Structure formats: structure tokens, C-alpha cells
Amino acid sequence: MEQHLHNLITGAISGVIVDMVLYPIDNLKTKVQAKLPFTIFETKNLYNGILPTLIGTAPASAFFYCFYELSKKLLTEKNENISKSKLYLISTTIAEIASCAVRLPFEIVKQKMQISTNRSMINTIYDISKTEGLFKFLFKSYLIMIVREIPFDYIQYFLWETFKEKAKKGSQKEKDARREKLKNNISEKYPTITSSVCGGMAG
């Protein structure tokens, strides 16, 4: 239970931080795709639509990491010889299905706000429900998001886990000596840095 709570909290925090840092780039990408004029010097417009993003990111990221780690744990307990490719595929699929169910409504509102200037979140939600047919639109978008996200997440997390394992094994000569292992193995000495580098390479 404590580990699941840890995954929920760390997932939520990491998701919010990533979105806050990278949101302007995501905003510009949306404007380019929609062929809308933009400038990087209008700070307010760069963060237009960030509120629904942050509201949705925290629970969605928490759900993803919690379900991802929980799925891995249950699958390995049930079958210790499960292949890594199958393990990561099933785990990321379950995690993404749970995460997208939470993230999708906020993602749609975010994109609508990015391409519409000076629109509040409430007005954007009202417009979507009035013009699109909210539940039908959400269901269709949910299926599209899952089909798009699962292959990406599978490849990313498969590479991330693989790189982490390689890093743990790679920089030590005397595996039987714990002291030497901690001294020589960068991944053991700096696990956060190693995980970050591996995640960056995978992404």
C-alpha cells in the first residue's frame, strides 16, 4: 500500500513539473499544426490553456505510474519467466488505458484553448458540449488517444527499463563486492541521474 501511494505521489508531481516546463513548446506545436500565427514573446499566450492541463496531468500521471508498477509487480509474481517485451507491453497498455480515461477531457479542453485566444475553460467546455456532442466526442477521441499513445509508451518504457538495466550492470568490475560496486557503479551511486538520463534517451 505504501509503495502504491509513493507511485501515485511521485507520478503526479513529475507529471505536473514536466508539463509546466514543456507546456510552451506544446502550445507552439499546436499552433503550428493549426496554422495559426504565434510569437514566442507573448508569455501569457504561451501558457494559454495550462490550467486544464495541470488539473488533468496530476491524476493522470499518478494513475499511469501506479498502474504501470502494479501491473509489472502482479505479472512477475504470476509468471517469473515472463518476457520483458510482453511485461512492458501489458503494463504500459493497462497504465495508458487508466491514464487516458482521466487525461482525455482535459487534453481536449487544453487544445481548444490553445487555438482560441481569450477563452475561459468553462466557455470552452460549453462550446465542446454544444457543438460536438460531448460523450460521443470523448469516446471517439479516447479510442484515438489510446491507439496513438500505447505504441509510443511501450517503446519508450521498454527502452527506459532496458537502459536502466544496462547502466546498473555496465560500470562495475567486481560484482561480488558491495563496497566496490557502490564505488564504481554510477547507476548505484546516482540512481536518480541514471534514471533521468535513461528516460531522456528512451524519449
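Residues numbered from 1 in each chain as written. Predicted model: local features only at pLDDT ≥ 70, side-chain atom pairs only at ≥ 80, totals over all residues. Heavy atoms only, no water.

Draft legend 1. Inspection of the overall build of the protein at higher detail. Looking only at helices and strands, the protein features eight helices and zero strands. Counted from the first residue to the last, the protein has its helices and strands arranged as α-α-α-α-α-α-α-α. Burial status across the protein gives 33% buried among its 203 residues. Put simply, 68% of the contacts in the protein that link residues at least 6 apart link residues at least 24 apart. (Helix = DSSP H or I, 4+ residues; strand = E, 2+ residues; numbered from the N terminus. Buried < 20%, exposed > 50% of the residue type's maximum accessible area, 1.4 Å probe, protein only. Contact = heavy atoms within 4.5 Å.)

Draft legend 2. Representation of the side chain of Asp153. Mapped onto the elements of the fold, Asp153 is located in helix α5 (residues 121-170). Buried within the structure, Asp153 lacks any salt-bridge partner; its nearest side chain of opposite charge belongs to Arg103, at an N-O separation of 5.8 Å. When neighbours within four sequence positions are excluded, Asp153 is seen to be in contact with Phe64, Thr92, Glu96 and Phe158. (Lys, Arg positive; Asp, Glu negative; His and termini not counted. Salt bridge = Lys/Arg side-chain N within 4 Å of Asp/Glu carboxyl O.)

Draft legend 3. Spotlight on the UniProt feature "transmembrane region" (unreviewed entry) in the protein. Taking the numbering used here, the UniProt-annotated feature "transmembrane region" (unreviewed entry) corresponds to residues 6-25 and 46-67. Taken end to end, residues 6-25 has its terminal C-alpha atoms 29 Å apart, with 100% of it in helix and 0% in strand. In the segment residues 46-67, helix accounts for 86% and strand for 0%; the C-alpha atoms at its two ends are 32 Å apart. (UniProt positions renumbered as here; feature names shortened; annotations may be inferred.)

Draft legend 4. Just the nonpolar core, in detail. Grouped together as the largest cluster of nonpolar side chains are twelve residues: Cys100, Leu104, Ile108, Val109, Met113, Ile128, Phe137, Leu138, Tyr142, Met145, Ile146 and Ile150. When residues of this core are traced back to their parent elements, those giving at least two are α4 (84-115) and α5. A total of seven residues in this core trace back to one element, the largest contributor, which is α5. Apart from residues lying up to four places away in sequence, Met145 is in contact with Cys100, Arg103, Leu104 and Glu107. The next biggest cluster of nonpolar side chains, apart from the first, holds nine residues, and it includes Phe64, Tyr68, Leu87 and Ala95. (Core = buried A, V, L, I, M, F, W, Y, C linked by side-chain atoms within 4.5 Å.)

Draft legend 5. Expanded view of the packing of helix α1 (residues 2-33) against helix α3 (residues 50-78). Contact geometry for α1 and α3: axes closest at 7 Å, N-to-C directions at 140°. Considering the angle they form, α1 stands oblique to α3. Along this stretch, α1 crosses α3, giving a crossing that reads as right-handed. Only Ile50, Thr53, Leu54, Thr57, Ala58, Ser61, Ala62, Phe63, Tyr65, Cys66, Glu69 and Leu70 of α3 make contact with α1, whose side of the interface consists of His4, Asn7, Leu8, Gly11, Ala12, Ser14, Gly15, Val16, Asp19, Met20 and Tyr23. Broken down by class, the residue content of the contact of α1 with α3 amounts to 13 nonpolar, eight polar and two charged. (Axes fitted to C-alpha atoms, helices over the stretch in contact; angles between N-to-C directions. Parallel < 35°, antiparallel > 145°, perpendicular 65-115°, else oblique. Left-handed = near helix turned anticlockwise from the far one by under 90°. Nonpolar A, V, L, I, M, F, W, Y, C, P; charged D, E, K, R; others polar.)

Draft legend 6. Here's a closer look at α1. For α1, the principal kink sits at Leu22 and spans about 55°; a proline, Pro24, occurs within the next four residues. Just past α1, the residue Lys35 takes up positive phi, approximately 60°. (Bend = angle between axes of the 7 residues up to and from the residue.)

Draft legend 7. Highlighting the environment of Ile82. Inspection of the secondary structure puts Ile82 in the loop between α3 and α4. Not counting chain neighbours up to four residues away, the residues in contact with Ile82 comprise Leu75, Thr76 and Leu87.

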